[in-house]
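Here is how the chains run, residue by residue.
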Amino acid sequence: MTSKERREKEMLFIADEADWVEMKRARRLTQELNSVDRADFDKIRSIVNELFGRSDETTFVNPPFYCDYGSNIEVGKNCFINYNCVILDNAKVKLGDNCLIAPNVSIYTAGHTLYPDARNLGYEYGIGIYVGDNVWIGGNVVICPGVHIGNNVVIGAGSVVTKDIPDWSMAAGNPCKVISKITEDDKKYYFKKREIDEEVASALNTKSN
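Residues numbered from 1 in each chain as written. Predicted model: local features only at pLDDT ≥ 70, side-chain atom pairs only at ≥ 80, totals over all residues. Heavy atoms only, no water.

**Some words on helix α2 (residues 17–35)**
Residues lying three or four places apart along an α-helix face the same way, a consequence of the helix completing one turn every 3.6 residues. With 19 residues, α2 should cover 27 Å at 1.5 Å per step; its first-to-last C-alpha distance of 27 Å lies within 8% of that length. The complete set of buried residues in α2 reads D19, E22, M23, A26, L29, T30, L33 and N34. The buried residues of α2 occupy one face: seen down the axis, they fall within an arc of 135°. Among the exposed residues of α2, those pointing more than 90 degrees away from its buried face are E17, V21, R28, Q31 and S35. Tucked into the core, α2 has its buried residues touching α1 (3–8), α3 (41–51), β1 (60–61) and β2 (65–67). With a side-chain oxygen lying 3.1 Å from the backbone nitrogen of A18, the N-terminal cap of α2 falls on D16. (Helix = DSSP H or I, 4+ residues; strand = E, 2+ residues; numbered from the N terminus. Expected span 1.5 Å × (residues − 1). Buried < 20%, exposed > 50% of the residue type's maximum accessible area, 1.4 Å probe, protein only. Arc of directions from axis to C-beta. Contact = heavy atoms within 4.5 Å. Polar contact = N/O pair within 3.5 Å; in protein donor to acceptor, adjacent residues only side chain to side chain.)

As structure tokens, then:
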């Protein structure tokens, strides 16, 4: 099997020349992205759409941004990725619709064997990461290989996510774990026990109707 075939099967692999062609493409595009006029939103979107395997005009990335391949990143509608995000995409990284990624988030599909022999020969792996719809990932979060995050989830700042997180959960910590379920009672608050004002509440009701 080629290295790419092994990567796609989430097996151990050593990057070959074909992999490096893909990675060089990603490095050129991320260099362009990270040096573009930060106020040129149309150009930023154009570069991101060329870099990612799937995105659209509703996707926005605040540079700087770093990844290995780019083509393994699939992003849903209305997603926002904030400053200094790193995605090591040896395997697929899929973000659902309406995802918010705070600054300094690291998403790592890449890993190495626990026992050093294969590591020392240059073998690595990538295990896919999947994030559902309407997810907010807080600042400085690390998401590890193989993690699935459900729909309508909030991950607290500074968390290290090593295991799957179910739908409608507020999760935080190192290792990250569910702190509470998100319920209808949370709809009226925006920060702790600060209630959403009437103007915003009216806008929310209009949208839901």
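**A look at the packing of α2 against α3**
α3 packs onto α2 with a crossing angle of 170° between their chain directions and a minimal axis gap of 10 Å. In terms of their interaxial angle, α2 and α3 are classed as roughly antiparallel. The way α2 lies across α3 gives a crossing that is left-handed. Along its contact with α2, which presents R25, A26, L29, T30, E32 and L33, the element α3 presents K43, I44, I47, V48, E50 and L51. Classifying every residue of the contact of α2 with α3 gives seven nonpolar, one polar and four charged. (Axes fitted to C-alpha atoms, helices over the stretch in contact; angles between N-to-C directions. Parallel < 35°, antiparallel > 145°, perpendicular 65-115°, else oblique. Left-handed = near helix turned anticlockwise from the far one by under 90°. Nonpolar A, V, L, I, M, F, W, Y, C, P; charged D, E, K, R; others polar.)

**Focus: the pattern of salt bridges**
Scanning the entire structure with this criterion turns up seven salt bridges. Here R7 and D19 are joined by a salt bridge, their closest N and O atoms 2.8 Å apart. One end of the pair, R7, is in helix α1; the other, D19, is in helix α2, and 12 residues separate them in sequence. The exposure class of R7 is buried, given its relative accessible area of 4%. Residue K92 is joined to E74 by a salt bridge in which the shortest nitrogen-to-oxygen separation is 2.8 Å. Placement of the pair is K92 in the loop between β5 (85–88) and β6 (93–95) and E74 in strand β3 (residues 73–75), with a sequence separation of 18 residues. (Salt bridge = Lys/Arg side-chain N within 4 Å of Asp/Glu carboxyl O.)

Any functional reading would require information beyond the geometric quantities listed.
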